[in-house]
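# Coordinate analysis (summary)
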Amino acid sequence: MTGPTPPAQAPVRTSTAPGPARRWARARGLVLGLGILLAAAVTLAALQAGDHHGRLDPRSADRDGSRALAQLLRERGVTTRVVTSAEEAAAAAGPRTTLLVTDPDLLGEPQRRAVRSAIDLSGGRTVLIAPSSLSLPDLAPTTHTKSFAHRNDLDPDCTLPAATTAGRAGTGDGLRYTTTHPGATACYPSDGHPTLLVLPGTTKGGDTVLLGSERPLLNEHLAEQGNASLALQLLGSRPDLVWYLPTLADMPADAPAEEKGLLDLVPSGWLWALLQLFAAAALAALWRARRLGPLVTENLPVAIRASETTEGRARLYRKASARDRAATVLRAAARERLAALVGVPPAQAHDPDTLVPAVTARLPQAAGPDTATTLFGTTPGDDAALVALADHLDALEREVRTS
């Protein structure tokens, strides 16, 4: 004999969605790693912010900077002053001063006149780094360029004490010169044309040095051959050094702007690499390509009841406060069902002039305005009004079915 059957218990719904604590436990490792990387990037940027300046800048520790040379000059008692305008440079020049112009070709005509005035009147030394035919007519009229040298390291082959003491140096990766200036000293020749010229000045004790390459002044090459010795002797012959770094403001106003496209700014090596990557991608696509076959129906791994789908969509509408969308869906579905009941074509199911009279004719009593409002009314103002609208639609459909 068996006892009474226990009442069936309602199934317990369990949610497999991870809670906030579990989601945080999964994501905290990634968040922590990103935070460490961000902090490290900010720290490195802050530490290195003051070390990056322009090319040939005595404050820059980059490969193309000149801070190492500036420090060596300071150890030998030479005071270095950085200026960025020709007026400052000319005003600071004097018999006890070496004026270094790092990019003479960037100077406009007023700036070149100011530097030329310093060359003629200061009685000090002026060092011009790689001046070309753009600036030589104003700064050294008796001198002309002879294209580029073919070797980096050259022998002095002259009697200039600075060159003979330094010996072999890396002056050969820049311009070569030729001059008709009487008393000029030519050093470090390449194919018969010097890469270093020393021109006597018009004022006693003054001279102008033309150095065809910036290589001996750079941090990257300072320790090579006799570069350090040559740079120290050329720039350290006077107790004060004025380091003139021309800027874009020093360019002539009427200088033609060179227009470049996006591809002109990309190095040629990158273009070849991109072409090779494109060819490799095309070959991989041809290798792995497969023709698409016909569509195949496939059963879903889990069957979901229609009621659950409806409930889930309703919850989404409620969460988004999308009463307008919910009311539109309810009314559209009711109009389609009513149109089938009263014989209205599906194409005219959403036309109030056609559907409302047909539905009203099937009702036991006249309800034209209420029917039109129910099927084609405005958006409910709150959730209670939306529920009331659903009830009215059900009641209207029920009356049409039973009429």
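Residues numbered from 1 in each chain as written. Predicted model: local features only at pLDDT ≥ 70, side-chain atom pairs only at ≥ 80, totals over all residues. Heavy atoms only, no water.

### A word on the overall build of the protein
Per the secondary structure count, the protein includes 13 helices and nine strands. Buried residues in the protein amount to 33% of all 403 residues. Put simply, of all contacts in the protein between residues at least 6 apart along the chain, 65% involve residues at least 24 apart. (Helix = DSSP H or I, 4+ residues; strand = E, 2+ residues; numbered from the N terminus. Buried < 20%, exposed > 50% of the residue type's maximum accessible area, 1.4 Å probe, protein only. Contact = heavy atoms within 4.5 Å.)

### Remarks on the state of the cysteines
In total, this model carries one disulfide according to the counting rule given. What pairs with C158 in a disulfide is C187, and their sulfur atoms sit 2.0 Å apart. Because the torsion about its S-S bond is 100°, the bridge between C158 and C187 counts as right-handed. Taken together, the residues span a long stretch of sequence, with C158 in the loop between β4 (143-148) and α6 (161-166) and C187 in strand β6 (residues 185-190) at a distance of 29 residues. Of the two residues, C158 and C187, both sit in the buried class. (Disulfide = S-S within 2.5 Å.)

### Examining the packing of helix α2 (residues 67-75) against helix α7 (residues 227-235)
Across the interface, α2 lies against α7 with an axial gap of 10 Å and an inter-helix angle of 60°. When the axes of α2 and α7 are compared, the pair comes out oblique. Seen from above, α2 lies across α7 with right-handed handedness. Between α2 and α7, the residues in contact are L69, L72 and L73 and A231, L232 and L235, respectively. The class makeup of the residues in the contact of α2 with α7 is six nonpolar, no polar and no charged. (Axes fitted to C-alpha atoms, helices over the stretch in contact; angles between N-to-C directions. Parallel < 35°, antiparallel > 145°, perpendicular 65-115°, else oblique. Left-handed = near helix turned anticlockwise from the far one by under 90°. Nonpolar A, V, L, I, M, F, W, Y, C, P; charged D, E, K, R; others polar.)

### Considering helix α9 (residues 306-319)
Across its 14 residues, α9 extends 20 Å between first and last C-alpha, which sits within 8% of the 20 Å expected from 1.5 Å per residue. In terms of burial, α9 is largely open, as just one of its 14 residues are buried. A positive backbone phi angle near 55° is found at S321, which sits one or two residues after α9. (Expected span 1.5 Å × (residues − 1).)

### Considering the nonpolar core
Ranked by size, the top nonpolar core spans 31 residues in total, and within it L69, L100, L160, Y188, L196, L217 and L235 carry the most contacts. Where this core is concerned, the elements lending two or more residues are α2, β3 (125-129), α6, β6, β7 (193-200), β8 (207-211), α7 and β9 (240-244). Look past the residues within four positions of L160 in its chain and what remains in contact with it is T185, C187, L196 and V198. By size, the runner-up hydrophobic cluster in this structure holds 22 residues, among which are L99, L107, L139 and L197. (Core = buried A, V, L, I, M, F, W, Y, C linked by side-chain atoms within 4.5 Å.)

### A closer look at the side chain of R112
Here R112 is to be found in helix α4 (residues 109-121). A polar atom in the side chain of R112 sits 2.7 Å from the backbone oxygen of L107. Not counting the four nearest positions on each side in its chain, R112 is found in contact with L107, L134, S135, D138 and L139. (Polar contact = N/O pair within 3.5 Å; in protein donor to acceptor, adjacent residues only side chain to side chain.)

### Comments concerning the pairing of β9
Moving residue by residue along a regular strand, the side chains alternate between the two faces of the sheet. In terms of burial, β9 is largely enclosed, as four of its five residues are buried. Relative to β9, strand β2 (residues 97-101) runs parallel, the two being bridged by five bridges. In the strand pairing of β9, L100 is matched with W243. (Pairing = 2+ DSSP bridges.)

### Quick look at the sheet that holds β3
What links the strands of a sheet is backbone hydrogen bonding, and the strands pair in either a parallel or an antiparallel sense. The sheet built from seven strands is open, its strands ordered β1-β9-β2-β3-β8-β7-β6 with mixed pairing. The open sheet has two edge strands with one neighbour each: β1 (79-83) and β6. Within this sheet the neighbouring strands show an average axis-to-axis angle of 15°, counted without direction. In this sheet, β8 lies alongside β7 in antiparallel orientation, the contact comprising five bridges. Bridging from a neighbouring strand, V198 pairs with V209 of β8. Along the sheet, α7 contacts β2, β3, β6, β7, β8 and β9; its crossing angle with β3, the most-contacted strand, is approximately 135°.

### Quick look at the confidence of the model for the protein
Overall, the predicted model of the protein reaches an average pLDDT of 83, with 83% of residues at or above 70. Across residues 1-16, confidence stays below pLDDT 50; counting only partners more than four residues off in sequence or on other chains, it has zero contacts. (pLDDT = per-residue confidence, 0-100.)

### Digging into the layout of surface pockets
Taken as a whole, the largest pocket encloses approximately 480 Å³ of empty space. If you go around the largest pocket, you meet 17 residues; those closest to its centre are R313, A314, Y317, A326 and L386. A per-class count over the lining of the largest pocket returns eight nonpolar, three polar and six charged. (1 Å grid on protein atoms, 1.4 Å probe; cavity = no way out; pocket = protein on both sides within 12 Å on 5 of 7 lines; lining within 4 Å. Points joined across faces, edges and corners; volume = space filled by probe spheres on them.)

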